[in-house]
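In case you want the letters, here they are:
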Amino acid sequence: MKDRKLKILAIDDNQDNLTTLKAVIADAIPGTKVITALDGSSGIMLALSENPDVILLDIVMPVVDGLSVCRNLKQDDRISHIPIIMLTALKTDRKTRIKALEVGAEAFLTKPLDEVELIAQVKAMAKIKESADLQRMEKSQLAALVSERTLEIEKELNERRKAENELQKANEKLKQTQVATLNLLEDLRKEMTIREKTEAELIIAKNKAEESDRLKSAFLANMSHEIRTPMNGIIGFSELLKETDLETNERDRYIRIINDNCQQLLHIISDIIDISKVEAGLVEPEHIEFCLNELMDSLVENYLPKASLKGLKMIIHKEIEHGACWILSDQSKIHQVLDNLITNAIKFTQAGTIDFGYKFRDQRLEFFVKDTGIGISDEHRKAIFDRFWQVENGLARKYGGTGLGLAISSAFVKKLGGEIMVESTPGKGSCFSFSVPYILSEMKKSSTMAAMRNVFDVTGKTILIVEDEPDNYDLLNIILGRLKINILHAWDGKEAMQIFSEHAEIDMVLMDFKLPDMPGQEVTRKMLNLRSDVPVIATTAYAMSGDREKAIQAGCTGYLAKPIRSEELIAILKNYLN
Ligand code: ADP
């Protein structure tokens, strides 16, 4: 305050008053600048341009009175903060004073002015103005600071938002990259898995190929032994048969041995043919109606003598009654599989029982062959179904065999829509089983067939044998001759047709399919054109899958594979001549 030079605006219509004021103030507060105005309007203008510290304002003025000037000054934001001291001569006019306060005046001085009071008031008002200025300044500085800070904060916020946006974008990009990387890793993993699987498969295939190669070599060595053994028997005992002084039972024994060895050899050859057919994909199932229980009975008839010889019991299980056991399936394959399983069961069992037969489960026939033999260990249980495979502990050699039976059986059963299973306990026995769909045949032959089985008399019947091989003819001639059947014989198709047309008494024809002059199928068709009621039974040496169907297509009633076995031939006679 001491340093500051005050600026005072005095507004009064009386020049003398103004001069006095100026002098008093200059005297009391040296250095103070007093500016003056003779009317309200110019006073307001000066207040705006000079920004005085205090305004001294006369109330009574001619054009615009002091109260109006005061109101105007206080209504203008730019100057409303300047303290106003009203000068009035009307000391007693209370109403005017109140009015002056209402329009915003800060203080009053009464004319004639008391100098001391004037100076004291001026100084007090100047102080108020100074602190108001300070406050205003601080306020404006604060406002500036606030707006500056606000700007900074907004800028910061904008930058942060921008940064956040960029971060988000970067995050999204990262996520995309991560997803792409994950996909890539997944693809890589899949590729690795495929590669590992392929490698594993390759290794398995390589091992299988090596194993197969090893087994093939073992098989060939084994086969040489398996073929030579029965051949030795056949040749050796045939030689012995030439001796003339042989006793009858001795002769019969030799013949039985030769016959057994022939059967063994035939079995080996059939196995080799069958496995070749399996490997060439030539095995197709045939669907022909047959009597299931008769098949079971014939198996017992065939194997009981062999089992009894070893002291083994054979128990047959047939779950379906005779009337419902005519089914449609591949008789020869089921027969062959059961043949293999029963042969093995007898071969690998020293004492006890062979249980075999079938059960009826969920519209399927479940066949089984159970023995009380040596059993199979867990490690060998799968491998026994591989071709050429035999348990390599010396037993296979001890027991003989080619290692083909189960491989063929397994392939046949697969073709019939099943799978061979085995349960076994070493030392206790094994149970082989497989199932095929049960399809009941439309033909209700059962009762008549059963009746036929009981009465078998073919005496006096006439059969024409069409056969160009003398040995084959001899065999048929002997078997049929024993049954007191009349036999006619043709060497070729032409002769066959001639005999057939001349002999109306012919009851059946046994037709070789491979004749020197024409195919047996053709001869069959011609014969059936003449007489369709005569059963023609095809005899073929091929024993190939599909032969039976070819024969039936040609019109044949039945089929016999060579070498013809007497039981099979008799079964045919029972069926068609009785
Ligand atoms: P094989 O002509 O050698 O009998 P298979 O294929 O029929 O050929 O059988 C393969 C091998 O499985 C046999 O050599 C034998 O080791 C084993 N095996 C088959 N059936 C039986 C069984 N019932 N009991 C014990 N081992 C068996």
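Predicted, not measured: the structure shown is a model, and the values here were computed from it.

Kindly report on the packing of aromatic side chains, identifying the contributing residues and their values.
Two measures describe an aromatic ring pair: the distance that separates the ring centres and the angle between the ring planes. Per the counting criterion, the structure on display carries six aromatic pairs. Plain terms: the ring middles of tyrosine 358 and phenylalanine 367 are 6.1 Å apart, the flat faces sit at 55° to each other, and that makes the pair tilted. Just as tyrosine 358 is buried, phenylalanine 367 falls in that class too. Members of the aromatic cluster, joined through ring pairs, are Tyr358, Phe367 and Phe434. Positioned over the ring face of phenylalanine 108 is arginine 97, at 5.4 Å from the centre of the ring. Above the ring of phenylalanine 368, the side-chain terminus of lysine 359 is found at 5.1 Å from the ring centroid.

Let's hear about the sheet that holds strand S12 (residues 429-437): which residues, and what values?
Taken in spatial order, the five strands make up an open sheet running S7-S9-S10-S12-S11, and their pairing is mixed. Where the open sheet ends on each side, the last strands, each with one partner, are strand S7 (313-318) and strand S11 (421-425). Neighbouring strand axes in the sheet, compared pairwise and without regard to direction, differ in orientation by 10° on average. Here S11 runs beside S12; their pairing, made up of five bridges, is antiparallel. The residue of S12 that forms the bridge with threonine 425 is glycine 429. Where helix H7 (residues 292-309) meets the sheet, it contacts S7, strand S9 (353-361) and strand S10 (364-370), and its direction lies at approximately 175° from that of S7.

So, the environment of lysine 7: which residues are in play, and what are the values?
With respect to the helices and strands, the residue lysine 7 is situated in strand S1 (residues 7-11). The partly exposed category is assigned to lysine 7, whose relative accessible area is 22%. Note: C-alpha distance between lysine 7 and isoleucine 315 (308 residues apart in sequence) is 142 Å. If we ignore the near neighbours within four places in the chain, the residues touching lysine 7 are Lys33, Ile35, Glu50, Pro52, Asp53 and Val54. One polar contact links the side chain of lysine 7 to the main-chain carbonyl oxygen of glutamate 50, over a distance of 2.9 Å.

I'd like to hear about the packing of helix H14 (residues 493-502) against helix H15 (residues 520-530), residue by residue, with values.
At a minimum axis distance of 10 Å, the contact between H14 and H15 shows a crossing angle of 15°. As summarised for this structure, H14 and H15 are arranged roughly parallel, according to the angle between their axes. Where H14 crosses over H15, the handedness of that crossing is right-handed. Contacts from Gly493, Ala496, Met497, Phe500 and Ser501 in H14 reach Val523, Lys526, Met527 and Leu530 in H15.

Give a description of a nonpolar patch on the surface that names residues and reports values.
There is a patch of nonpolar side chains on the surface, built from Leu142, Leu145 and Val146 and spanning about 300 Å² of accessible area. You can see leucine 142 is positioned in helix H5 (residues 115-241). Residue classification places leucine 142 among the exposed residues on the basis of a relative accessible area of 54%.

Can you explain the side chain of aspartate 371? Please cite residues and give values.
Within the secondary structure layout, aspartate 371 lies in the loop between S10 and helix H9 (378-381). We note that aspartate 371 is buried and unpaired, the nearest opposite charge coming from lysine 370 at a distance of 9.0 Å. At a separation of 3.0 Å, a polar atom in the side chain of aspartate 371 contacts the main-chain amide nitrogen of glycine 373. If we ignore the near neighbours within four places in the chain, the residues touching aspartate 371 are Ala345, Thr349, Thr353, Ile354, Lys428, Gly429 and Ser430.

Could you give an account of the pattern of salt bridges, naming the residues involved and the relevant values?
Counted according to the given criterion, the structure contains 22 salt bridges. Across the salt bridge formed by glutamate 50 and lysine 33, the nearest N and O atoms sit 3.9 Å from each other. You can see glutamate 50 sitting in helix H2 (residues 40-50) and its partner lysine 33 sitting in strand S2 (residues 33-37), a full 17 residues away along the chain. A salt bridge links aspartate 533 to arginine 531; its shortest N-O distance comes to 3.7 Å. Aspartate 533 gets classed as exposed once you look at its relative accessible area, which sits at 59%.

Tell me about the pairing of S2, and name the residues and values.
Of the pairings in the sheet, the one linking S1 to S2 comprises five bridges and is parallel in character. Looking at S2, one finds that lysine 7 is bridged to lysine 33. For the handedness criterion, the β-α-β arrangement of S1, helix H1 (residues 15-28) and S2 is classed as right-handed.

Rules behind the numbers
Residues numbered from 1 in each chain as written. Predicted model: local features only at pLDDT ≥ 70, side-chain atom pairs only at ≥ 80, totals over all residues. Heavy atoms only, no water. Phe/Tyr/Trp six-rings, centres within 6.5 Å; stacked < 30°, edge-to-face > 60°. Buried < 20%, exposed > 50% of the residue type's maximum accessible area, 1.4 Å probe, protein only. Lys NZ or Arg CZ within 6 Å of the ring centre and 35° of its normal. Pairing = 2+ DSSP bridges. Helix = DSSP H or I, 4+ residues; strand = E, 2+ residues; numbered from the N terminus. Axes fitted to C-alpha atoms, helices over the stretch in contact; angles between N-to-C directions. Contact = heavy atoms within 4.5 Å. Polar contact = N/O pair within 3.5 Å; in protein donor to acceptor, adjacent residues only side chain to side chain. Parallel < 35°, antiparallel > 145°, perpendicular 65-115°, else oblique. Left-handed = near helix turned anticlockwise from the far one by under 90°. Patch = residues over 30% accessible without salt bridge, like charges linked within 9 Å, V, L, I, M, F, W, Y side chains within 5 Å. Areas by Shrake-Rupley, 256 points an atom, 1.4 Å probe, with all protein chains shown as cover. Salt bridge = Lys/Arg side-chain N within 4 Å of Asp/Glu carboxyl O. Lys, Arg positive; Asp, Glu negative; His and termini not counted. Right-handed = clockwise from strand over helix to strand, strands pointing away.

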